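# Chains, contacts and geometry: an overview
Read off the chains here:
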Amino acid sequence: MFTKENTHFQLWRIFCILASLYSVAFYYFYQAPLFSVIFWVGQFLLIHFVHKSIQTGSRWAFLFYPVMMTLNFFVMKISFTPYISWRFDSYLNAIDSNIFGKNLSQILSTYAEPLYSDILSAIYICSFLILYFTCFLYLYGASIFQVRRFHNGLFSLISILFILNILLPTVGPYLYLKTPLMEGGEITALNNSLILQYSNYMDSFPAFPVAITFFLIFSFIRDFKIIGFILTPFLVLITLASLYLKFHYFSDVCLAIILALICFFYFSYGFKKNKIY
């Protein structure tokens, strides 16, 4: 049963069920690795024990979610990328073209400078570092109510992003349009290397870094106001970075912001402070 206090658990279960069904089908029809079936089914079973631990009041059980989130990116590349032939980039690129005349990343690339590329690449890398830093900050320095409210909202959001990655896989403008990544200095080269090495080539829609950054900074403003206001410029910079670096479409970014704000406001109001879930 869905309640505001267990939404993250239910959505993560739905994601695991969907991933398990895909992996079983790919194992049966395409001889995909059996490991992927074991991983997704095992995660579905394990989450029940984690949820029981959370129900007893354990805050550190929430570490399960950032750990599994990280592993999921890598296992999705093994489990799904080689076997899902369809991509929805043509539809997203058409939206850009209808609004702006052509892909927005191509328009922004006309203003490309090595300095801009380095700054925005650093912002893009930092968005993931901020995610892990924030998870540990809440676990270590927030009340148990704040921990529950924050992690419920964040990992409900991430569950939705994962589900959309599987149902509507996209590779992003730089691969779909067969254009080179932005050039710059060492920071840009590092960011490009990380993208090429660790992307699972189905996670452009919605824009994960944008969604997560919006949710995190709004959470900071609510719970740690000074940090939140200091980081507010990141909202503009991560949006610009995702488009300028050719990693995401305009529609990726728009939906990411909408989902982040829905999850933030939904869990910010009416979340029961004393309810054990």
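Read on for an overview of the structure. Please read these numbers as outputs of a predicted model, since none were measured by experiment. (Residues numbered from 1 in each chain as written. Predicted model: local features only at pLDDT ≥ 70, side-chain atom pairs only at ≥ 80, totals over all residues. Heavy atoms only, no water.)

## Notes on a nonpolar patch on the surface
Residues F74, L190, L194 and Y198 make up a contiguous nonpolar surface patch of roughly 350 Å² in combined accessible area. Looking at which element gives the most residues to the nonpolar patch, the answer is helix 9 (residues 186-198), with three residues. Locating L190 in the fold gives a position in helix 9. (Patch = residues over 30% accessible without salt bridge, like charges linked within 9 Å, V, L, I, M, F, W, Y side chains within 5 Å. Areas by Shrake-Rupley, 256 points an atom, 1.4 Å probe, with all protein chains shown as cover. Salt bridge = Lys/Arg side-chain N within 4 Å of Asp/Glu carboxyl O. Helix = DSSP H or I, 4+ residues; strand = E, 2+ residues; numbered from the N terminus.)

## A short note on the state of the cysteines
Counted by the stated rule, this structure contains zero disulfides. Between C254, a free cysteine, and C263, which holds the nearest cysteine sulfur, the sulfur-to-sulfur gap is 17 Å. Taking relative accessible area as the criterion, C254 reaches 29% and is therefore assigned partly exposed. (Disulfide = S-S within 2.5 Å. Buried < 20%, exposed > 50% of the residue type's maximum accessible area, 1.4 Å probe, protein only.)

## Describing helix 12 (residues 233-244)
When the terminal C-alpha atoms of helix 12 are compared, their 16 Å separation across twelve residues agrees well with the 16 Å that a helix rising 1.5 Å per residue should span. Taken as a whole, helix 12 has its buried residues at F234, L235, I238, T239, A241, S242, L243 and Y244. Looking one or two places after helix 12, you find K246, whose phi comes out positive at around 70°. (Expected span 1.5 Å × (residues − 1).)

## A word on the side chain of D118
Along the polypeptide, D118 turns up in helix 6 (residues 114-141). Although D118 is buried, it makes no salt bridge; K246 carries the closest opposite charge, 14 Å away. (Lys, Arg positive; Asp, Glu negative; His and termini not counted.)

## Section: the packing of aromatic side chains
A complete count under the given rule lists 38 aromatic pairs for this structure. Note on W12 and Y65: the rings are 5.2 Å apart at their centroids and 80° apart in plane angle, and the pair reads as edge-to-face. With a gap of 53 residues between them, W12 in helix 1 (residues 7-30) and Y65 in helix 3 (residues 64-79) connect regions that are remote in the sequence. Across the pair, exposure class does not vary: W12 and Y65 are buried alike. (Phe/Tyr/Trp six-rings, centres within 6.5 Å; stacked < 30°, edge-to-face > 60°.)

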